[in-house]
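Architecture and fold: a report
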Amino acid sequence: MPLRGKVVITCAVTGSIHTPTMSPYLPLTPDEIARDAIAAAEAGAAILHLHARDPKDGRPTPDPDVFMQFLPRIKQSTGAVVNITTGGGHGMSLEERLAAPLRAKPEMCSLNMGSMNFGLFPLLEKYKEFKHPWESRHLEMTRDFIFRNTFADIERILKDLGEGCGTRFEFECYDVGHLYNLAHFLERGLVKPPLFVQTIFGILGGIGPHPEDLMHMRRTADRLFGRDYQWSILAAGRHQINLATIGATMGGNVRVGLEDSIYLGPGRLAKSNAEQVRRIRKIIEKLSLDVATPDEARAMLKLKGGDQVAF
């Protein structure tokens, strides 16, 4: 497939997977999240994907009041598209996961396209001690946990956020079946092109991180959606940069950030989200590709604009 268009860089700033013990550079407080997000935008991220953390101990929180401590600051300091999670954190109810997005009415939200096992428990083997008691429990509970995203859940998010707030979505697809779920909603007319399809590789419970897995997801998306979608790639951990690079050469967009990987290279912790953005931007430009600005990303994805949000 020939190279075409501009590459949208998304930066997922903190997420709900990694814990404070794993990296001293993981942004946890509203101040840290705002600082890292702004720096990532300045480095070239057109979209900022955001979760919130309890500033006392760094655990994931759905509290809209915490989100509102950093969302306005990010909007005031950057032109980047703000993309708020609807996945939240493990164990959160759908009502909790929707609380902040419904209050903020952002241009974009993530939307997970199916229920799945989501195993983080292998990380327990890497750390002998944790700073906070919640961290080990957070990882262990994923041994017997299903990340719930039923058809009814997805329909509610599409109705309440999509129809109700004019929010469009980063459709997170962790496996081939999730692409077919998205095709089902497209056929029913509950989602409208252009779709922003985020294919995710290397999570235990989802599709693996082999380049052939990436090719299979791409071929399937092409078959299901034709030219009615924008493709993006994220890979967990050490696979982050190499799969993003492969995807970019195939005409895809990319996602990096400390939510997905806390590393910059083998054994080397990334000191900020901006470091990862600069790394992938340099690669993209060396491939003779152009990085999309926030306004170009808005045009590509038909977003409502930053002046139509509630923060």
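One can find the structure itself at the top, above this paragraph.
All values derive from a computational prediction rather than experimental measurement.

1. Describing the pairing of strand E10 (residues 168-173)
The element E10 is largely enclosed, with a buried count of six among its six residues. As defined by bridge partners, strand E7 (residues 108-112) adjoins E10 across five bridges and the pair is classed as parallel. Bridging across to E10, Cys 109 finds its partner in Phe 169. Pairing between E10 and strand E11 (residues 195-201): four bridges, direction parallel. Opposite Glu 172, over in E11, you have Gln 198 as the bridge partner. This β-α-β element, E10 to helix H7 (residues 176-187) to E11, shows right-handed connectivity.

2. Re the sheet that holds strand E13 (residues 253-256)
Spatially, eight strands are ordered E2-E3-E6-E7-E10-E11-E12-E13 in a closed barrel, and the strand pairing comes out parallel. On average, adjacent strands in this sheet sit at an angle of 25° to one another, irrespective of strand direction. Taken strand by strand, helix H8 (residues 211-225) contacts E10, E11 and strand E12 (229-235), and its axis lies near 160° from that of E12.

3. Quick notes on the packing of aromatic side chains
For the structure on display, the rule yields seven aromatic pairs. Arranged with centres 5.8 Å apart and planes meeting at 90°, the rings of Phe 118 and Phe 147 form a pair that is edge-to-face. Placement of Phe 118 in the loop between strand E8 (116-117) and helix H5 (133-140) and of Phe 147 in strand E9 (residues 146-147) is noted, with a sequence separation of 29 residues between them. Here Phe 118 and Phe 147 have matching classes, each one buried.

4. Comments concerning the pattern of salt bridges
Tallying each qualifying case throughout the model produces 19 salt bridges. The salt bridge involving Asp 57 is made with Arg 59; its shortest N-O contact spans 3.0 Å. For Asp 57, a relative accessible area of 16% puts it in the buried group. Between Arg 255 and Asp 260 there is a salt bridge whose closest N-O contact spans 2.9 Å. You'll find Arg 255 and Asp 260 in the same group, each marked buried. What you see here is one network of salt bridges that share partners, running through Glu 170, Glu 172, Arg 255, Glu 259 and Asp 260.

5. Focus: the pairing of strand E2 (residues 9-12)
Neither face of E2 is left uncovered, since the one carrying Ile 9 and Cys 11 and the one carrying Thr 10 and Ala 12 both have all their residues buried. In this sheet, E13 lies alongside E2 in parallel orientation, the contact comprising three bridges. When the sheet's bridge partners are listed, Thr 10 is paired in E13 with Arg 255. What joins E2 to strand E3 (residues 47-50) is helix H1 (residues 30-43), and the crossover it makes is right-handed.

What counts, and where the lines are drawn
Residues numbered from 1 in each chain as written. Predicted model: local features only at pLDDT ≥ 70, side-chain atom pairs only at ≥ 80, totals over all residues. Heavy atoms only, no water. Buried < 20%, exposed > 50% of the residue type's maximum accessible area, 1.4 Å probe, protein only. Helix = DSSP H or I, 4+ residues; strand = E, 2+ residues; numbered from the N terminus. Pairing = 2+ DSSP bridges. Right-handed = clockwise from strand over helix to strand, strands pointing away. Axes fitted to C-alpha atoms, helices over the stretch in contact; angles between N-to-C directions. Contact = heavy atoms within 4.5 Å. Phe/Tyr/Trp six-rings, centres within 6.5 Å; stacked < 30°, edge-to-face > 60°. Salt bridge = Lys/Arg side-chain N within 4 Å of Asp/Glu carboxyl O.

Limitation: the analysis is restricted to geometry and does not speak to function.
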